Amino acid sequence: MRKFILLLIFVPFVNSCAKKEFIVMVEQPSNNLLDKLNVEIIIDKRKVTDIDLKVTNITPSFVTTKFLTSKEGKHILEIKLNNTTFNYQIYYPEEKYIIVSPYLEKNGKVKIGILKQKEKFVFQ
């Protein structure tokens, strides 16, 4: 009985430590021309989420999405924005946290900036 109780405590703990997830944060733009555009995030040909951009003029804000993965190593991150697809290679666990920032170039084209790192981003 004692082993059974220890097993009930130990198994959920091991499962929670074994979670492998990407954290993708999409920055909301400050340019009015990017308002209400749809951002589609796809990892390994599996759609994760759709995010509608909302203009913010005061402080940067982010929409955070978690994506569980079953394996370490190379993954493909696709971001679809305004009928354009941007492809990036990401490596788990070296690039676990990702920030995606859509912006508008001077010539009117929409581009994506991306930051990837192992540790959480610290905002001050």
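Refer to the preceding data block for the structure.
In this report, the structure presented in the accompanying data block is examined.

Pairing is mixed across the open sheet formed by four strands, whose spatial order is 4-1-7-8. This sheet does not close on itself; its edge strands, each paired only once, are strand 4 (62-68) and strand 8 (110-117). Put simply, the sheet's adjacent strands are angled 20° from each other on average, direction ignored. Where strand 1 (residues 21-27) and strand 4 come together, seven bridges link them in antiparallel fashion. Bridging from a neighbouring strand, Met-25 pairs with Thr-64 of strand 4.

What follows is about the environment of Leu-77. Tracing the chain through its elements places Leu-77 in strand 5 (residues 73-81). Judged by relative accessible area, which is 0%, Leu-77 ranks as buried. Each C-alpha atom of the pair Leu-77 and Ile-42 lies 5.9 Å from the other, and the pair is 35 residues apart in sequence. If we skip the residues at most four places from it in the chain, Leu-77 touches Ile-41, Ile-42, Ile-43, Phe-86, Asn-87, Tyr-88, Ile-90, Ile-98 and Ile-114.

The rules behind these values
Residues numbered from 1 in each chain as written. Predicted model: local features only at pLDDT ≥ 70, side-chain atom pairs only at ≥ 80, totals over all residues. Heavy atoms only, no water. Pairing = 2+ DSSP bridges. Helix = DSSP H or I, 4+ residues; strand = E, 2+ residues; numbered from the N terminus. Axes fitted to C-alpha atoms, helices over the stretch in contact; angles between N-to-C directions. Buried < 20%, exposed > 50% of the residue type's maximum accessible area, 1.4 Å probe, protein only. Contact = heavy atoms within 4.5 Å.

Treat this as a map of the structure, not an account of what it does.
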